[in-house]
Amino acid sequence: MTKKKIAWITDSTAYISEDLLEHPDVYIVPLLITFGEESFKDGIDLNTDQLYSRIRTEKEVPKTSQPSAGRFAELFETLKIEYDAAVAVHVSSKLSGTMNSCLAGSELAGFPVSAVDSKCMSYAITSLIYKGLKLAENEMPVHKIAEILQSEADKSENYILLGSLEQFYKGGRMSGTQYLLGSILKIKPIIRINRDGAFELFDKVRSDKKAIKRMIELLGDAYESHTIPQVQIMHGNVRGKAEELAEEIKSHFPRLDIIIGEISSTIAAHAGEGTIAIIWQNEK
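Residues numbered from 1 in each chain as written. Predicted model: local features only at pLDDT ≥ 70, side-chain atom pairs only at ≥ 80, totals over all residues. Heavy atoms only, no water.

Got a minute to help me understand the pattern of salt bridges in this structure?
Between side chains of opposite charge, a pair can form as their charged atoms come close. Counted by the stated rule, this structure contains 16 salt bridges. Between arginine 56 and glutamate 273 there is a salt bridge, and its shortest N-O distance comes to 2.8 Å. Of this pair, arginine 56 sits in helix α2 (residues 48-58) while glutamate 273 sits in the loop between α11 (265-271) and β13 (276-281); the two residues are 217 residues apart in sequence, bridging distant segments of the chain. For glutamate 273, a relative accessible area of 28% translates into the label partly exposed. (Salt bridge = Lys/Arg side-chain N within 4 Å of Asp/Glu carboxyl O. Helix = DSSP H or I, 4+ residues; strand = E, 2+ residues; numbered from the N terminus. Buried < 20%, exposed > 50% of the residue type's maximum accessible area, 1.4 Å probe, protein only.)

Explain the sheet that holds strand β6 (residues 85-90) here, please?
Picture the strands of a sheet paired through backbone hydrogen bonds; they go either parallel or antiparallel. The strand order across the open sheet formed by four strands is β2-β1-β6-β7, and the pairing between neighbours is parallel. Strands at the two margins of the open sheet, each flanked by one partner only, are β2 (26-29) and β7 (113-117). Across the sheet, the mean angle separating the axes of adjacent strands is 20 degrees when strand polarity is ignored. In this structure, β6 lies alongside β7, joined through five bridges in parallel fashion. Each bridged residue has a counterpart across the sheet, and for alanine 88 the counterpart in β7 is alanine 115. (Pairing = 2+ DSSP bridges. Axes fitted to C-alpha atoms, helices over the stretch in contact; angles between N-to-C directions.)

Mind showing me how you'd approach empty space enclosed by the protein here?
Taking a probe equal in size to a water molecule and rolling it over the atoms shows the remaining empty space. Counted under the stated rule, the structure contains two cavities of 30 Å³ or more. Taken together, Ser118, Lys119, Cys120, Ala153, Asp154, Ser156, Asn158, Ile193, Asn194 and Arg195 form the lining of the largest cavity. Tallied by class, the residues present in the lining of the largest cavity amount to three nonpolar, four polar and three charged. A volume near 40 Å³ is recorded for the second largest cavity. If you tally residues by element for the lining of the second largest cavity, the top one is helix α5 (residues 123-136), at four residues. Along the lines of polarity and charge, the residues of the lining of the second largest cavity split into three nonpolar, four polar and two charged. (1 Å grid on protein atoms, 1.4 Å probe; cavity = no way out; pocket = protein on both sides within 12 Å on 5 of 7 lines; lining within 4 Å. Points joined across faces, edges and corners; volume = space filled by probe spheres on them. Nonpolar A, V, L, I, M, F, W, Y, C, P; charged D, E, K, R; others polar.)

So, in structure tokens, the structure goes:
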């Protein structure tokens, strides 16, 4: 039996590591970031430095939108020449219509795609792609890989300290009441993407320091109950702050592997510069 060739599809909310960027079978479809009448492809026409600079100077909160079904169809028309099928791992369907666009594009192109709803974003997507690539080494059928990855999505846990309440609110991700409480009382909300894949306000603290302490406590609770091979710290242009958090985590859990990476422009457009998030997978 000839081994089926699989393409791996994701979007620009994922953390794209160097090896995934160079992987010949991994394809990234960018979301769109809009300032007024101008539209940019995330990571292609606009990087995070340019995004932050523009927000600082123009004081404008950008909007984001999913890639069109037509954009996916164009990609799939090209891929079906070389590949038998694809596994697509996308940002939570509760936060974006990207996965629906992908599936619609698959129908338009007549190319079989098994889609996985990550129920999250950033490195949670990356982890699923790595797991999928490993499963594919054993010549597992595409639909079976997607089924396993979908169940793996439920193992992800994440906590986010926003860099900008205003951006999160204006982007429609927070209620007016929550925004007013955070602004007037100077409360630091800890946000998470829950098991349904939607944003929720998890906790409210009075300072960044207390928020970081609380996030480490939550990691500790999970560490006692599960096998956690790695923690990912994602940040919005605050590498030093992320490294401090990594050192703090190492002091409590010296055996943990820690990855530090930057959030994409699509995520930064909502969460803001200064955002810190921790993500991990509860393996057992």
